[in-house]
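Fold and contact review
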Amino acid sequence: MLDLVKPLDADTLERMLQYATATAAERVHLRPGSRPMVTGLGGPREIGFRQLCAEDTVEVAGHFLAAARVSERARESSCDAAREIFLFMKLENGTLAEAVLEPCRAGVAITIELIPPLPAGAGIELIEA
């Protein structure tokens, strides 16, 4: 990669995710060799950003791994490799972003599911079977 182009940083990722939520997107797709895409309301569309490289998606994966919360019990467990870690980040507007990492030919492809907060006053009812 050229020295002038820096990998995707945490602030740029946050702005991308904020843009996606503001435009009613449900998912952000990051794949080396492609520009970032959002899907959801309407058809798929590109985010105004350069084509991604392998270093970008590795950096994004690192941001999600750094933000992941692992319970104390799981951290202390001797068989922690058998536990699934969910990669969530909470955005400033309260939206949760969950990353799903998949290997691809050029490195790591990332799909980020966006889960908006509940509207004020709304709640979730649990129905028992």
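Everything below is about the structure shown above.
Overview of the structure. Nothing here was measured: the structure is a model prediction, and the numbers come from that model.

1. As for helix H2 (residues 54-67)
Here H2 contains 14 residues, and its C-alpha end-to-end distance of 20 Å stays within 8% of the 20 Å for a straight helix at 1.5 Å per residue. All buried positions along H2 are accounted for by Asp 56, Thr 57, Val 60, Ala 61, His 63 and Phe 64. Buried residues of H2, viewed axially, fall in a sector of 155°; they line one side. Opposite the packed face of H2, turned more than 90 degrees from it, sit the exposed residues Leu 65 and Ala 66.

2. Side note on the pattern of salt bridges
Applying the stated criterion across every chain, the model contains four salt bridges. Where Arg 35 meets Glu 46, a salt bridge forms, and the shortest distance between an N and an O atom there is 3.3 Å. One end of the pair, Arg 35, is in the loop between strand S1 (25-30) and strand S2 (37-40); the other, Glu 46, is in strand S3 (residues 42-46), with 11 residues separating them in the sequence. Judged by relative accessible area, which is 33%, Arg 35 ranks as partly exposed.

3. What to know about the sheet that holds S1
On the basis of which strands lie adjacent, the open sheet formed by six strands has the order S3-S2-S1-S6-S5-S4 and antiparallel pairing. Each edge of the sheet is formed by a strand with only one pairing partner; in this case those strands are S3 and strand S4 (87-90). Each neighbouring strand pair of the sheet contributes to a mean axis angle of 20°, computed without reference to strand direction. In the packing of H2 onto the sheet, contacts are made with S1, S4, strand S5 (96-104) and strand S6 (107-115), and the angle to S4 comes to roughly 80°.

4. Comments concerning the environment of Tyr 19
Mapped onto the elements, Tyr 19 comes out in helix H1 (residues 10-22). Look past the residues within four positions of Tyr 19 in its chain and what remains in contact with it is Arg 45 and Ile 47.

5. Remarks on the pairing of S4
The two faces of S4 differ: Leu 87 and Met 89 on one face are buried, but Phe 88 and Lys 90 on the other face are not. Where S4 and S5 come together, four bridges link them in antiparallel fashion. Counterpart to Met 89 in the pairing with S5 is Ala 97. Counting the residues in the hairpin turn of S4 and S5 gives five residues, including Gly 94, whose phi is positive at 90°.

Criteria and thresholds
Residues numbered from 1 in each chain as written. Predicted model: local features only at pLDDT ≥ 70, side-chain atom pairs only at ≥ 80, totals over all residues. Heavy atoms only, no water. Helix = DSSP H or I, 4+ residues; strand = E, 2+ residues; numbered from the N terminus. Expected span 1.5 Å × (residues − 1). Buried < 20%, exposed > 50% of the residue type's maximum accessible area, 1.4 Å probe, protein only. Arc of directions from axis to C-beta. Salt bridge = Lys/Arg side-chain N within 4 Å of Asp/Glu carboxyl O. Pairing = 2+ DSSP bridges. Axes fitted to C-alpha atoms, helices over the stretch in contact; angles between N-to-C directions. Contact = heavy atoms within 4.5 Å.

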